[in-house]
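# Chains, contacts and geometry: an overview
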Amino acid sequence: MGFCTLDQGNYIDLLFVHKEYQYKGIASLLYHQIEKEALRCNEKELTADVSKTARPFFEKKDFKLLRSRLSM
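Structural notes, computed from the coordinates. (Residues numbered from 1 in each chain as written. Predicted model: local features only at pLDDT ≥ 70, side-chain atom pairs only at ≥ 80, totals over all residues. Heavy atoms only, no water.)

Working definition: two side chains of opposite charge can pair if their charged atoms are close together. Throughout the structure, instances matching the rule amount to two salt bridges. Salt-bridge contacts for glutamate 37 lead to arginine 40; the nearest nitrogen and oxygen are separated by 2.7 Å. Of this pair, glutamate 37 and arginine 40 both sit in helix α1 (residues 26-40), three residues apart, which is roughly one turn of the helix. We classify arginine 40 as exposed; its relative accessible area is 59%. The closest approach of N and O atoms between arginine 55 and glutamate 59, which form a salt bridge, is 2.8 Å. With arginine 55 and glutamate 59 both in helix α2 (residues 55-60) and four residues apart, the pair spans about one turn of that helix. Take arginine 55: its relative accessible area is 36%, and that puts it in the partly exposed class. What makes glutamate 59 partly exposed here is its relative accessible area of 40%. (Salt bridge = Lys/Arg side-chain N within 4 Å of Asp/Glu carboxyl O. Helix = DSSP H or I, 4+ residues; strand = E, 2+ residues; numbered from the N terminus. Buried < 20%, exposed > 50% of the residue type's maximum accessible area, 1.4 Å probe, protein only.)

A few words now on the nonpolar core. Ranked by size, the top nonpolar core spans 12 residues in total: Cys4, Ile12, Val17, Ile26, Ala27, Tyr31, Ile34, Ala38, Leu46, Phe57, Phe58 and Phe63. Elements with a minimum of two residues in this core: β2 (11-17), α1 and α2. Looking at this core, the element that brings in the most residues is α1, giving five residues. Ignoring any residue separated from it by four or fewer positions in sequence, one finds alanine 27 in contact with Leu15, Val17 and Phe57. (Core = buried A, V, L, I, M, F, W, Y, C linked by side-chain atoms within 4.5 Å. Contact = heavy atoms within 4.5 Å.)

Now for the environment of leucine 39. For leucine 39, the position within the fold is in helix α1. Spatially, the C-alpha atoms of leucine 39 and tyrosine 21 are 27 Å apart, while their sequence positions differ by 18 residues.

Okay, here's the thing in C-alpha cells:
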C-alpha cells in the first residue's frame, strides 16, 4: 500500500502511497510512525523535499516552506 523512509534521523526521504489507497489515512499513519522514530532518535524537527502534489499533506502536518525549487 505504501512506505516511508527516514534518513539521518530527521529527513523524510520517501513517503509513498499507491494511488488505489490514497485518501484513506495511510500516509498519516506512516508519517506518525516516522515521527515517533525521529523522536526516539532525539530529533525535534523533521525535514523533507516534497512535490507540489505532496505539499498540502505536509502543510497539514505543520511543515513550513523554506524554499521553492523551480522545475525546468
